[in-house]
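# Secondary and tertiary structure notes
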Amino acid sequence: MTAQIAIATADNDLRALDPVALHHNVAQFLFHEARLADSHDYDGWDALWEEDGIYWVPANGMDTDPETQMSVLYDNRSRIHVRIEQLKTGRRHTQTPRSELARLISNIEIGEVAAAEVTVFANSMIYEDNLRGETVWAARNEYRLRLVNGNFRLVRKKIALVNNGKPMFTLSFLV
Amino acid sequence: MLNTETRPAGKVDYSALIEPTRINSRLYTDPDIFQEEMEKIWYRSWVYVGHVSEVPNRNDYVTKSIGPTPVLLVRDRNDEIRLLLNKCPHRGNQLCAYRQGNRATFTCPYHSWTFSNTGDLMGYALADGYEGASKTGVGLGKVPRIAIYRGFVFGSFAETGPTLEEHLGGAKAALDQLCDNAPTGELDLRAGFLQHRTKANWKFMVENETDGYHPGFVHGSIFQVTKSGIANLYGKDSIALTRDYGNGHTEFDLRPEWRRIDKPLNWFGTTADRLPDYVAAMNAAYGPDRARQIMIDGSPHTMIFPNLFIAEIQMFVIQPISVDESIQHVTAVQFKDAPDINRRLRQQTMGSVGPAGFLLADDTEMYERNHRGARIRDPEWLVLTRGLHRERKDENGYTIAHSTDEVPQRGIWRHYLSLMQEQPA
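As a convention, each chain's residues are numbered from 1 in the sequence order in which they are written. Think of it this way: whatever chain is written first is A, whatever ligand is written first is 1, and the rest follow in order. pLDDT decides what is reported in this predicted model: residues at 70 or higher carry local features, side-chain atom pairs at 80 or more are listed and counted, and totals for whole chains, interfaces and linings draw on all residues regardless. The side-chain figures draw on all heavy atoms in the structure; neither hydrogens nor water molecules are used.

Scanning chain A from N- to C-terminus turns up three helices and six strands. Each helix is a run of DSSP H or I of at least 4 residues and each strand a run of E of at least 2, with the numbering of both proceeding from the N terminus. Each helix (α) and strand (β) of chain A, taken in turn from the N terminus, gives the series α-α-β-β-α-β-β-β-β. The globule rule used here is 2.2 Å times the number of residues to the 0.38 power, and the radius of gyration it is set against is calculated over C-alpha atoms. Relative to the compact-globule value of 16 Å for 175 residues, chain A shows a C-alpha radius of gyration of 16 Å, a close match. The dimensions of chain A, computed from C-alpha atoms along their principal axes, are 50 × 30 × 30 Å. By the burial criterion, 53% of the 175 residues in chain A qualify as buried. Nonlocal contacts in chain A, meaning residues at least 24 apart in sequence, comprise 59% of its contacts between residues at least 6 apart. Reported accessibility uses the Shrake-Rupley method at a 1.4 Å probe radius. Residues are deemed covered only where the shown protein chains occlude them. Accessible area of chain A: about 7800 Å², with a carbon and sulfur share of 52%. Counted as positive: Lys and Arg. Counted as negative: Asp and Glu, with His and the chain ends omitted from the count. Positions of charges follow a simple convention, taking NZ of Lys, CZ of Arg, CG of Asp or CD of Glu. The averaged location of the 24 negative side-chain charges in chain A is 5 Å from the averaged location of its 19 positive side-chain charges. Residue exposure (1.4 Å probe, protein chains only): buried if accessible area is under 20% of the type maximum, exposed if over 50%, otherwise partly exposed. A contact between two residues is defined here by any heavy atoms of the two lying within 4.5 Å.

Below, the structure is given as structure tokens:
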């Protein structure tokens, strides 16, 4: 279950893939990523990212410009890695003990398809339990996945929490 | 609440809960004390509301707060800054449902009464039913006193009392120091706020903002990962200072360390060659010598009681919601017309603070554990003795001590006691 299944395409072109197969492969990748996050498999999750990766949780709207406005989280690849390394110290107090997590990924739609990249839309609902209590998070997600050596990798993950204009509790797990 | 007891309202003897070097846990957990704080602190003294740059144009408004109460910060049709209450005087309906916008009038959706953004009632709907009735005296509620210092808008629900400048006292210098870091001398706070909710009493936040004892422990994880030298500022050999300005205002003064290192922009973890436009603008504005000194001293780390925290590159506004719930509103410090440093200020702020911040997520975890701990019966008293033996006065007569000492916390509680013991006028 841990390894991704290699995606067989003609000439490494996602556009040549049957739409049902593309959707299936995308869904399997999203479920894989969700399981790594839910289980705090920090190294496994970190390894999904491409060098030009952007991990983004906007604030105060679904599409607020992260280059001029505050976001909850707007990490480039090096900051993603810092985030992971902080979690791995064992002294990231807000994740010591770790949140108990289970998330559902649903409503998966395929957006733009290029030869080696695909844009994906999905909804997520995450149940979190920690020392404070239970919190439910709901988001409309947007991913950009890149096909590299027959596997998808993360180029961009945007998590637009539906209530991101309101006060929110600490969000310290991998969302 | 575990330690709530039945007693007549207003009969808490605060001198029995606050001693010079220890405080009773009940101060954080008793809902009656929270209610009394609303009347004696939040709805009486000066409270920071917002900044004039958040409403740059006529008819701009933005929803802010004083304590749990929402307040509309408005630049009205006459270009005057006002603090209006978001309540229709007819049936009490919430008037404006949006966080911000631009409008000269507010119309209540319930019975369509329309108000100017000066707060005055402009007209009744179906006016024949109000024949002979005056429109004066039925306007929107207002925060009675408003005062602005260098663009920082404060409000007070008390009709009379100390002026804002009297309230700020020595802490006014921190606002000056902050603005001096802008080439234009002005801030431009339009990057939006993150709102970080926490199940903890507001005073844990106020006290922690100038607690120099915790960073090495609470933030050790990020200091380790980023190989940051910041931990040294909070170490045994630091020459940084804690300071009690009086009136509840406290500071963590890093300037002694920055002056020892003597490198412009070291306070911001960067160098002059990486922000050439900013440095050129600073030199042009202040002359090279003064600009160099400002860029060495950097931005302040000052908690202005009860709710404005300048954290060098960020600005926090602390909002109490209930005895066990608070919101930290935070945005990046942004200087007018300084895009290169502003970008870095935003990037660093987004990494550090807010619900996912490398720093504040852990501080906020501590607030919630503080609060849960405070509800436990024994020991009732919490200890604030750190650094008593090395307190001294600075050249202005303010109490200072080592960067990890509890001078700020003792000062906050001394001021709190004086406010809570005041009798209503």
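Picking up after the structure, the text goes on.
Bringing the interface of chain A and chain B into the picture now. Across the contact, 33 residues belong to chain A and 43 residues belong to chain B. Buried area, as used here, totals the accessible surface that two parts lose on assembly, with accessibility defined by a 1.4 Å probe and the loss added over both. Both faces combined, the contact of chain A with chain B buries some 3300 Å², and carbon together with sulfur accounts for 52% of it. Take a side-chain nitrogen of Lys or Arg and a carboxyl oxygen of Asp or Glu: if they are within 4 Å of each other, that pair is a salt bridge. With its nearest N and O atoms 3.1 Å apart, the salt bridge here joins A:Glu67 to B:Arg343. Here a polar contact means two N or O atoms within 3.5 Å. Within protein one must be a hydrogen donor candidate and the other an acceptor candidate, and residues neighboring in sequence count only if both atoms are side-chain atoms. Run the count over chain A and chain B and you get 26 residue pairs in polar contact (both at pLDDT 80 or more). Breaking the side of chain A that touches chain B down by element, the ones donating at least two residues are strand 2 (71-75) and helix 3 (77-88) of chain A. With five residues, helix 3 of chain A is the largest single contributor of residues to the side of chain A that touches chain B. Polarity classes work like this: nonpolar for Ala, Val, Leu, Ile, Met, Phe, Trp, Tyr, Cys and Pro, charged for Asp, Glu, Lys and Arg, and polar for all others, with Gly in that last group. The residue inventory of the side of chain A that touches chain B, partitioned by class, reads 13 nonpolar, 12 polar and eight charged.

Now for the domain arrangement of chain B. Residue and element names in this part refer to chain B. Where a domain begins and ends is set by an automatic assignment or by a domain database. Here chain B is partitioned into domain 1 (48-149) and domain 2 (169-421). A C-alpha centroid distance of 33 Å is found between domain 1 and domain 2. In this complex, domain 1 contributes 11 residues to the contact, which on the side of domain 2 involves 16 residues. Linking domain 1 to domain 2 there are zero salt bridges. If you look at where domain 1 meets domain 2, you find five residue pairs in polar contact (both at pLDDT 80 or more). Elements with a minimum of two residues in the side of domain 1 that touches domain 2: strand 3 (47-51) and strand 4 (60-66). For the side of domain 1 that touches domain 2, the residue count by class is four nonpolar, four polar and three charged.

All names here are of chain B. One open sheet accounts for three strands, arranged 8-9-10; its pairing is antiparallel. A single partner strand is all that each edge strand has here, and the edge strands are strand 8 (105-107) and strand 10 (121-123). For this sheet the average axis-to-axis angle between neighbouring strands, irrespective of direction, equals 35°. Relative to strand 10, strand 9 (residues 114-116) runs antiparallel, the two being bridged by two bridges. Bridging across to strand 10, Phe 115 finds its partner in Leu 121. Should DSSP find at least two bridges between two strands, the strands are taken to pair. Axis angles are defined between N-to-C directions and span 0 to 180 degrees, where every axis is a line fitted to C-alpha atoms and, for a helix, only to the segment in contact.

We now examine the nonpolar core. One recurring pattern in soluble globular proteins: nonpolar side chains tend to sit buried together. Residues belong to a common nonpolar core when they are buried Ala, Val, Leu, Ile, Met, Phe, Trp, Tyr or Cys residues joined through side-chain atoms within 4.5 Å. Ranked by size, the top nonpolar core spans 100 residues in total, and within it A:Leu30, A:Trp45, A:Leu145 and A:Phe152 carry the most contacts. A per-element tally of this core places helix 1 (residues 19-38) of chain A first, with eight residues. Counting residues in hydrophobic clusters, the runner-up holds 45 residues, among them B:Tyr245, B:Trp258, B:Leu308 and B:Ile341.

On to a nonpolar patch on the surface. Residue and element names in this part refer to chain A. Judged by side-chain polarity, Leu 104, Met 125, Tyr 127 and Val 136 come together as a nonpolar surface patch covering roughly 420 Å² of accessible area. Relative to the helices and strands, Tyr 127 resides in strand 4 (residues 117-129). What makes Tyr 127 partly exposed here is its relative accessible area of 41%. What makes a patch is a set of residues exposed beyond 30% relative accessible area and free of salt bridges, joined within 9 Å when like-charged and within 5 Å when nonpolar (Val, Leu, Ile, Met, Phe, Trp, Tyr).

Residues and elements named next belong to chain B. Taken together, three strands build an open sheet; the order of strands is 3-12-11 and the sheet is antiparallel. Only two strands of the sheet have a single partner each, and these edge strands are strand 3 and strand 11 (145-149). Across the sheet, the mean angle from the axis of one strand to that of its neighbour is 30°, orientation sign disregarded. Where strand 3 and strand 12 (residues 152-156) come together, four bridges link them in antiparallel fashion. By the bridge assignment, His 51 is partnered in strand 12 with Phe 152.

Residues and elements named next belong to chain A. Mapping Asp 75 onto the fold places it in strand 2. Residue class for Asp 75 comes out buried when judged on its relative accessible area of 1%. Looking at Asp 75, its side chain comes within polar contact range of the side chain of Arg 83, at 2.5 Å. The contact partners of Asp 75, leaving out residues within four places of it in the chain, are Gly 53, Ile 54, Tyr 55, Ile 80 and Arg 83.

The side chains of a regular strand alternate, residue by residue, between the two faces of the sheet. All names here are of chain A. Across the 10 residues that make up strand 1 (residues 49-58), a large majority, seven, are buried. Across four bridges, strand 1 lies against strand 6 (residues 151-161) in parallel orientation. For Ile 54, the partnering residue across the bridge sits in strand 6 and is Arg 156. The pairing of strand 1 with strand 2 spans four bridges and is antiparallel.

Our focus in this paragraph is the environment of B:Ile239. Relative to the helices and strands, B:Ile239 is located in the loop between helix 7 (220-225) and strand 14 (241-246). In the structure, B:Ile239 is positioned 29 residues away from B:Phe268 in sequence and 18 Å away in space, judged by C-alpha atoms.

Glancing now at unusual backbone geometry. Glycine aside, residues mostly have negative phi, and peptide bonds are mostly found in the trans state. In this structure, the amide linkage connecting A:Thr96 to the following residue, A:Pro97, adopts the cis form with an omega of 5°. Considering the arrangement of structural elements, one finds A:Pro97 in the loop between helix 3 and strand 3 (100-113). Here the amide bond leading from B:Phe305 into B:Pro306 is cis, since omega sits at 0°, within 30 degrees of zero. Structurally, B:Pro306 can be placed in the loop between strand 16 (301-304) and strand 17 (308-311). At A:Asn60, a position not held by glycine, the phi torsion is positive, near 60°. Residue position: A:Asn60 is located in the loop between strand 1 and strand 2.

What follows deals with helix 5 (residues 202-209) of chain B. Of all eight residues in helix 5 of chain B, eight are buried; the element is thus mostly enclosed. Turning to helix 5 of chain B, its buried residues are B:Trp202, B:Lys203, B:Phe204, B:Met205, B:Val206, B:Glu207, B:Asn208 and B:Glu209.

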